[in-house]
Every structure is written in structure tokens, then in C-alpha cells.
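The residues making up each chain are set out below.
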Amino acid sequence: MEMGIVQRRSRVVSNRAIARDHFQLSLYAPEISKKTRPGQFVHIRCTPEQDATFPLLRRPFSIYDADPKRGTFDLIYKVVGTGTESLRDVVAGQELDVLGPLGTQFTVPSGLKRAILVGGGVGIPPLYFWGKDLKRRKFIVDAFLGVQTKDYLICADAFQKAKITTHISTDDGSVGFRGFVTEAIEQQFRRHPPTPGTALYICGPTPMMKAATKLAERWSLPAQVSLEERMGCAMGVCMGCIVEIAGPHATAHKKYQRVCTEGPVFPAEAVVWR
Ligand SMILES: Cc1cc2nc3c(=O)[nH]c(=O)nc-3n(C[C@H](O)[C@H](O)[C@H](O)COP(=O)(O)OP(=O)(O)OC[C@H]3O[C@@H](n4cnc5c(N)ncnc54)[C@H](O)[C@@H]3O)c2cc1C
């Protein structure tokens, strides 16, 4: 196993509802909390029973926040199926088997002045971790957060508390801008064209990431995407999470890359969207 990655049974500090179908899980895992960087993820066995065989596979979740002093890290998940239903029932004091920190991290391109975070649904949490880091390093940070409807809105308070200028969009207009998050950004860019030194960081559903990548291309902005593909082993062995890579980023050996090891963060223009 790669240096720096640990597998630990980690104590659940809390597991609480934060929005409809969305929960925030806090785990005590000092090594992971200390080592993890924004963009990385953990792979978790979603049941506390050590000998349970269902659900068999771990599930991947992005790191939302880490507090190395307390030895904890947090993630936010939406209940969508077997693994996340099982996770919802976990209570403080129980232990979960956690593998991490895994994958690549967001990076700062040379000349960066302003970062625009573009998050959709459960793609929002890793951008908060990154936004906080960028703020600490004195970059200008704006966030555009998109959800289907206001009941699904997550993390907006945390972004605002971190003094990140936050714009909310909902598909149904129940809060903030009515429409897709990319439309809200486009509207702002038409009023205030982005200045050199602006970069986009994108995480969310595939159609949103594809649209945000096109937007970055149209405005000639560098962009990074964090992909949340379905995943099997998360250790680079099963090839269950490969994506096609385009242009100068692809070589004969690198036409397909693994989200779990070469990702989840990729240059946006490198990804062949389907
Ligand atoms: C690097 C990475 C980071 C992630 N971070 C987060 C996070 O921070 N918070 C979060 O809530 N989720 C995150 N996900 C997605 C999360 O891993 C899946 O939602 C979870 O594995 C679903 O498990 P389940 O057993 O509950 O659902 P399953 O029973 O496996 O599936 C239920 C339904 O969800 C669909 N589904 C499952 N996984 C995905 C996926 N990856 N993309 C699209 N549809 C899927 C299935 O097709 C099915 O319709 C991340 C995924 C990756 C790869």
C-alpha cells in the first residue's frame, strides 16, 4: 500500500442530519486528519460490524473538513442506496473501517489570484475544504453552489462563515438563482468578465462538470474537476473507475486513467466527457 495511506477502525464522533437525505459524519482518525489534503477522499466500510459481508464493498467519500488538533475529519453524504443507508444508522461511539487519505489533491496554478468554486449536490463538500485552504493562503474565493431544491442545500453557512462569497442556485428557484449553477456563473461573467489569474474548481454531477468545463474553455480559464465516478477497490487494481483522457494529457499508456489513483482531481480539459 502506498506510503501515507492507512487503514484504521475509526470511532464515530457524530453522525447527524444536515438537510433532507444528507448527513455529516465526523470520525476520529488522527493520521488521516493530519495527512489529508483538499480533493482527497476516504474509502469506508459502511457498517460497523467487523465480520459483516453486506454491503461488501467500501464506498468513497470526499473529505469535507479536517481538524488535526482534535484528530477528526468530516464528510457529508447523501443517502442514495445500500451503503449510505447503512451509514445513516451508525451512531457515535461505534467504529468504521476507513482507508485513506486517497487520491490526488486540488492544486494552485501559477499566477492564481481568484478561485471560483463550482459545486453541485454532494460535489460541494470537497470544495469547502479547498476554499478554506485558499482563503487561509489569501486568495480571493467565490463559490457557486447548485442544488435541485432548497431542502437539499448543504454547506452554504460554512462557506459564508469562511468568508467565501457564496452564490446559491436551485433548479426550481426555491432559493437563490433559478437555474443551473453554470448559468449563474455565465451571467456574472457577462457583467464582470473574469480577470487573468482566475481559475475554476469543479465538482458535482457529470452534466454539470461537463457544462462548467465548457464554460471555462469559453472564457479561457484553467479548471480542475474532481470526479465522483462509481468505484470498486479505490487502490488502482480493479479498473472499475477509469476515465478516458484527452489531448496532451493522454499518452499511449495513459489514455485511460483511474479516478482512484490518478484522480479524483484532473485538469478539466483532460477529461473526455460522455
Ligand atoms: C472520489 C469520490 C468522492 C465521493 N464523495 C462523495 C461525497 O462526499 N458525498 C456523497 O454523498 N457521495 C460521494 N461520492 C459518491 C458515493 O461514493 C456514492 O453515492 C456511494 O458510493 C453510493 O453508495 P450506496 O451503496 O449508498 O449506493 P448504491 O446502492 O451503490 O447505488 C444507489 C444509486 O446511486 C447510484 N450511484 C452510486 N454511486 C454513484 C456515483 N459515484 N455516481 C453516480 N451515481 C452513483 C447507483 O447507480 C444507484 O442508482 C463520491 C464518489 C467518489 C468516487
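In this text the structure is predicted, and so the values were computed from the model without any measurement. (Residues numbered from 1 in each chain as written. Predicted model: local features only at pLDDT ≥ 70, side-chain atom pairs only at ≥ 80, totals over all residues.)

Arg59, Gly81, Gly83, Thr84 and Val122 are the nearest of the 23 residues found near the ligand. Contributing elements (two or more residues each) for the shell around the ligand: β4 (59–62), β6 (72–78) and α2 (82–88). (Near = placed C-beta within 6 Å. Helix = DSSP H or I, 4+ residues; strand = E, 2+ residues; numbered from the N terminus.)

Here we take up unusual backbone geometry. Of the consecutive residues Gly100 and Pro101, the connecting peptide bond is found in the cis state with omega at -10°. Along the chain, Pro101 falls in strand β7 (residues 95–102). Look at the link from Gly263 to Pro264: it is a cis peptide, with omega at 15°. Along the chain, Pro264 falls in the loop between β15 (256–258) and β16 (265–267). With a phi angle near 65°, Met239 is a residue other than glycine that sits in the positive phi range. Its location among the elements puts Met239 in the loop between β13 (223–226) and β14 (242–244).

In this section: helix α5 (residues 181–191). Of all the residues in α5, the buried ones are Val181, Thr182, Ala184 and Ile185. Considered in projection along α5, the buried side chains sweep an arc of 155° and stay on one side of the axis. Exposed residues on α5 whose side chains face more than 90 degrees from its buried face are Arg190 and Arg191. On its buried face, α5 sits against β8 (114–120), β9 (140–147), β10 (165–170), β11 (177–178) and α6 (206–218). (Buried ≥ 20, exposed ≤ 12 C-beta atoms within 10 Å, placed from the backbone. Arc of directions from axis to C-beta. Contact = placed C-beta atoms within 7 Å.)

You can read the domains of the protein chain as domain 1 (6–102), domain 2 (106–219) and domain 3 (229–274). In this structure, domain 1 and domain 3 have C-alpha centres spaced 24 Å apart. Secondary-structure elements contributing two or more residues to the side of domain 1 that touches domain 3 are β3 (41–44) and β7. (Domains from an automatic or database assignment.)

Where α5 meets α6, the closest approach of the two axes is 9 Å, and the angle between their N-to-C directions is 15°. Taken together, α5 and α6 sit at an angle that is classed as roughly parallel. Remark: the crossing between α5 and α6 carries right-handed chirality. Residue-level inspection shows Val181, Thr182, Ile185 and Glu186 of α5 in contact with α6, the latter providing Met208, Ala211, Ala212 and Leu215. Counted by class, the contact of α5 with α6 contains six nonpolar, one polar and one charged residues. (Axes fitted to C-alpha atoms, helices over the stretch in contact; angles between N-to-C directions. Parallel < 35°, antiparallel > 145°, perpendicular 65-115°, else oblique. Left-handed = near helix turned anticlockwise from the far one by under 90°. Nonpolar A, V, L, I, M, F, W, Y, C, P; charged D, E, K, R; others polar.)

Once that is clear, we can look at the nonpolar core. Within the largest apolar cluster, 75 residues are counted, with the highest numbers of intra-cluster contacts made by Val42, Leu117, Val118, Tyr201 and Ile202. Leaving out residues up to four positions away in the same chain, Leu117 has contacts with Leu127, Trp130, Gly131, Val141, Ala143, Phe144 and Tyr201. (Core = buried A, V, L, I, M, F, W, Y, C linked by C-beta atoms within 7 Å.)

Residues Arg59 and Phe61 point to one face of β4 and Pro60 and Ser62 to the other, with burial holding for every one of them. Strand direction decides the pairing type here: β3 and β4, joined by four bridges, are antiparallel. Bridge pairing in β4 places Phe41 opposite Ser62. (Pairing = 2+ DSSP bridges.)

Overall, antiparallel pairing links the seven strands, which are arranged β4-β3-β7-β1-β2-β6-β5 in an open sheet. What marks the edges here is a single partner per strand, and that holds for β4 and β5 (65–67). For this sheet the average axis-to-axis angle between neighbouring strands, irrespective of direction, equals 35°.

With that out of the way, let us pick up the sheet that holds β13. Hydrogen bonds along the backbone pair up the strands of a sheet, which may run parallel or antiparallel. With respect to topology, seven strands assemble into an open sheet ordered β11-β10-β9-β8-β12-β13-β16, the strand pairing being mixed. For this open sheet the edge positions go to β11 and β16, each flanked by a neighbour on one side alone. Sheet strands in contact with α5 are β8, β9, β10 and β11, and its direction is about 140° off that of β9. Across the sheet, α6 touches β8, β9, β12 (198–203) and β13, and the angle it forms with β12 is around 170°.

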